Amino acid sequence: MRVHFVTDEPEKIPAIRAVLEPRYLVVSQLLGDSATQTGAAGALLVDADLRKAAGIEQIRLIMRQQKRIPEKLFVVEKHSHHLIAQAYALGATSVVSRPREVAFRLAQIEEAAKATRAGAAIASPAITSGAAALASMFAAIRDGQPINLCDADSATSQIVDSIEQNGLSAWLEDVRRYHEGTFQHCLLVTGVAVGFALEIRFSGRDVKRLGMAATLHDIGKARIPLSILDKPGQLDPDEEAIMRRHPEIGYELLKDLPGINPDILDGVRHHHEYLDGSGYPDALKAPEISDLVRLLTISDIFAALIESRPYRPAMSRESAYKILCGMDGKLEQSLLKAFRTVALLA
Ligand SMILES: [Fe+2]
Ligand SMILES: [Fe+2]
């Protein structure tokens, strides 16, 4: 596979070659140089300082020139929220730290490419704009800036259009191929929730409202440390307690925004509540849990189960649906029945 490597430091070129060659053919481009012919590059790898405005402009240009390269990996310091958000805003499909992770991620991409249907595949505009909206909201929260709901609104509309046109399966497959971590999760939940709302013939307005609640449902995770958010494996009890604060944090971040819909706030705060009162943060019971929240909770759990993670394969949709059906007393049975078509066939 050919890897198009973009950097702002000449000494990084031999270093990345030492890691990736001979398995990959590395074609390098120094920021500021004119465009390099890539041929059929399988991945674009960017390792440059994303704090410098001039460099960012040049990367933007390269991203436009190389938009047909399906995989765009950015090397970013693992714990810099701002730089990770910047990478996604520029169009990254994965963020990695070097050098072992780069080689590991490229190997995954190669495997996925083998399994992918023939023909050039690029992330759909709905996926790109959904990821960019999430990236800009997460970055704003981490920087203490106001959240711009317009981005989330237009991204949600594009996701609804995409699922109406191409179906849920195509959405799930593409999101899992192009994104990972929290953004992958949010994009999957939105897709599943929208597919669910369309299946049970919600009005256009209600589809959009549920879609927006799904896009925003985990926004509180922007305040959870990445060491907990991206931990590969089980959280310890202290970490779990911090993680469980995200619905309330999300509610607090959104509640005073002008024009925010109360149903969306309800979804953000209560998507981890269960009908039997065993959920959090308010231990609500069935009569206090709205229909929108019930739909969102089912979509959230299903999406979490079918996510692909670097350390484990995605669970099949059949197995995920079986797990939902086994959650006795927590989820509404009649909705779960209606969800069967969405889970297995849509
Ligand atoms: Fe959540
Ligand atoms: Fe979630």
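Conventions we followed
Residues numbered from 1 in each chain as written. Chains lettered and ligands numbered in written order. Predicted model: local features only at pLDDT ≥ 70, side-chain atom pairs only at ≥ 80, totals over all residues. Heavy atoms only, no water. Helix = DSSP H or I, 4+ residues; strand = E, 2+ residues; numbered from the N terminus. Rg over C-alpha atoms; globule rule 2.2 N^0.38 Å. Buried < 20%, exposed > 50% of the residue type's maximum accessible area, 1.4 Å probe, protein only. Contact = heavy atoms within 4.5 Å. Areas by Shrake-Rupley, 256 points an atom, 1.4 Å probe, with all protein chains shown as cover. Lys, Arg positive; Asp, Glu negative; His and termini not counted. Charge placed at Lys NZ, Arg CZ, Asp CG, Glu CD. Phe/Tyr/Trp six-rings, centres within 6.5 Å; stacked < 30°, edge-to-face > 60°. Lys NZ or Arg CZ within 6 Å of the ring centre and 35° of its normal. Donors = N, O, S within 2.8 Å, 3.2 Å for Na, K, Ca; no water. Tetrahedral: all angles 85-135°; square planar, octahedral: opposite > 155°, others 65-115°. Axes fitted to C-alpha atoms, helices over the stretch in contact; angles between N-to-C directions. Parallel < 35°, antiparallel > 145°, perpendicular 65-115°, else oblique. Nonpolar A, V, L, I, M, F, W, Y, C, P; charged D, E, K, R; others polar. Core = buried A, V, L, I, M, F, W, Y, C linked by side-chain atoms within 4.5 Å. pLDDT = per-residue confidence, 0-100. Left-handed = near helix turned anticlockwise from the far one by under 90°.

**A closer look at the overall build of the chain**
Along the chain, the regular secondary structure elements total 16 helices and 5 strands. Since a compact globule built from 346 residues should have a radius of gyration of about 20 Å, the 20 Å found for the chain is in line with a globular shape. Residues classed as buried in the chain amount to 51% of the 346 residues present. If you take every contact in the chain between residues at least 6 apart in sequence, the share linking residues at least 24 apart comes to 65%. Looking at the chain as shown, the accessible area adds up to about 15700 Å², and 53% of this sits on carbon and sulfur atoms. Of note, the chain has its 40 positive side-chain charges centred 4 Å away from the centre of its 44 negative side-chain charges.

**A few points about the packing of aromatic side chains**
Any pair of aromatic rings gets described here by the distance separating the centres and the angle formed by the planes. Throughout the structure, instances matching the rule amount to 5 aromatic pairs. On the basis of an interplanar angle of 85° and a centroid distance of 5.3 Å, the ring pair of Phe138 and Phe183 is categorised as edge-to-face. With Phe138 in helix α5 (residues 125-142) and Phe183 in helix α8 (residues 181-199), this residue pair connects regions lying 45 residues apart in the sequence. For Phe138, a relative accessible area of 2% corresponds to the buried category. Plain terms: the ring middles of Phe196 and Phe339 are 4.8 Å apart, the flat faces sit at 55° to each other, and that makes the pair tilted. One end of the pair, Phe196, is in helix α8; the other, Phe339, is in helix α16 (residues 333-344), with 143 residues separating them in the sequence. Here the guanidinium or amino end of Arg269 rests over the ring plane of Tyr251, the centre of that ring lying 4.9 Å away.

**Some words on the coordination of the iron ion (ligand 1)**
At the metal site, the iron ion (ligand 1) is ligated by Asp218 (OD), His246 (NE2), His271 (NE2) and His272 (NE2), and these contacts range over 2.1 to 2.3 Å. Around the iron ion (ligand 1) sit 4 donor atoms; with metal-centred angles ranging over 83 to 173°, the donor geometry is irregular. Within one chain, the residues serving as donors to the iron ion (ligand 1) are arranged as D-x27-H-x24-H-H. The metal-metal distance between the iron ion (ligand 1) and the iron ion (ligand 2) is 3.3 Å, with Asp218 serving as a donor to both. Of the two residues, Asp218 is situated in the loop between α9 (204-216) and α10 (226-229) and His246 in helix α12 (residues 246-254); the sequence distance between them amounts to 28 residues. Taken individually, Asp218 and His246 each receive the classification buried, so the pair is uniform in this respect.

**Comments concerning the coordination of the iron ion (ligand 2)**
The iron ion (ligand 2) binds to the protein through His185 (NE2), His217 (NE2), Asp218 (OD) and Asp300 (OD), with metal-donor distances spanning 2.2 to 2.3 Å. Taken together, the 4 donor atoms coordinating the iron ion (ligand 2) and their angles of 81 to 166° define a geometry best described as irregular. We note that the donor set of the iron ion (ligand 2) lies within a single chain, spaced as H-x31-H-D-x81-D.

**Digging into the packing of α12 against helix α13 (residues 262-270)**
Close contact between α12 and α13 brings their axes to 7 Å; oriented N to C, the two are set at 155°. As the angle between them shows, α12 and α13 are arranged roughly antiparallel. Residues Pro247, Glu248, Gly250, Tyr251 and Leu254 of α12 form the contact with α13, whose own contacting residues are Leu265, Val268 and Arg269. Looking at the contact of α12 with α13 residue by residue, the classes come out as 5 nonpolar, 1 polar and 2 charged.

**Focus: the nonpolar core**
Formed by 90 residues in total, the largest nonpolar core has its most connected members in Ile59, Phe74, Trp171, Leu216, Leu254, Leu324 and Phe339. Counting residues per element, this core draws most heavily on α8, which supplies 10 residues. Those residues in contact with Leu254 that lie beyond four places of it in its chain are Ile147, Leu149, Leu216, Ile219, Ile260, Leu265 and Val268. Of all hydrophobic cores here, the second largest spans 15 residues; its members include Val3, Ile13, Val96 and Val102.

**As for the environment of Ile219**
Relative to the elements of secondary structure, Ile219 occurs in the loop between α9 and α10. Spatially, the C-alpha atom of Ile219 lies 8.6 Å from that of Tyr251, the residues being 32 residues apart in sequence. Discounting chain neighbours no more than four positions away, the residues touching Ile219 are Met137, Phe138, Ile141, Gly250, Leu253 and Leu254.

**A short note on the confidence of the model for the chain**
Chain-level pLDDT for the chain is 87 on average; 92% of the residues reach the 70-or-more range. Here helix α4 (residues 100-115) stands out as the element of the chain with the lowest mean pLDDT, 72, in contrast to α13, whose mean of 98 is the highest.

**Concerning the packing of α5 against helix α6 (residues 149-166)**
At a minimum axis distance of 9 Å, the contact between α5 and α6 shows a crossing angle of 155°. Looking at the two axes, α5 sits roughly antiparallel to α6. Crossing handedness for the pair α5 and α6: left-handed. From α5, Pro125, Ala126, Ser129, Gly130, Ala133, Ser136 and Met137 reach across to α6, where they touch Asp151, Ala152, Ala155, Gln158, Ile159 and Ser162. Its residues assigned to classes, the contact of α5 with α6 comprises 7 nonpolar, 5 polar and 1 charged.

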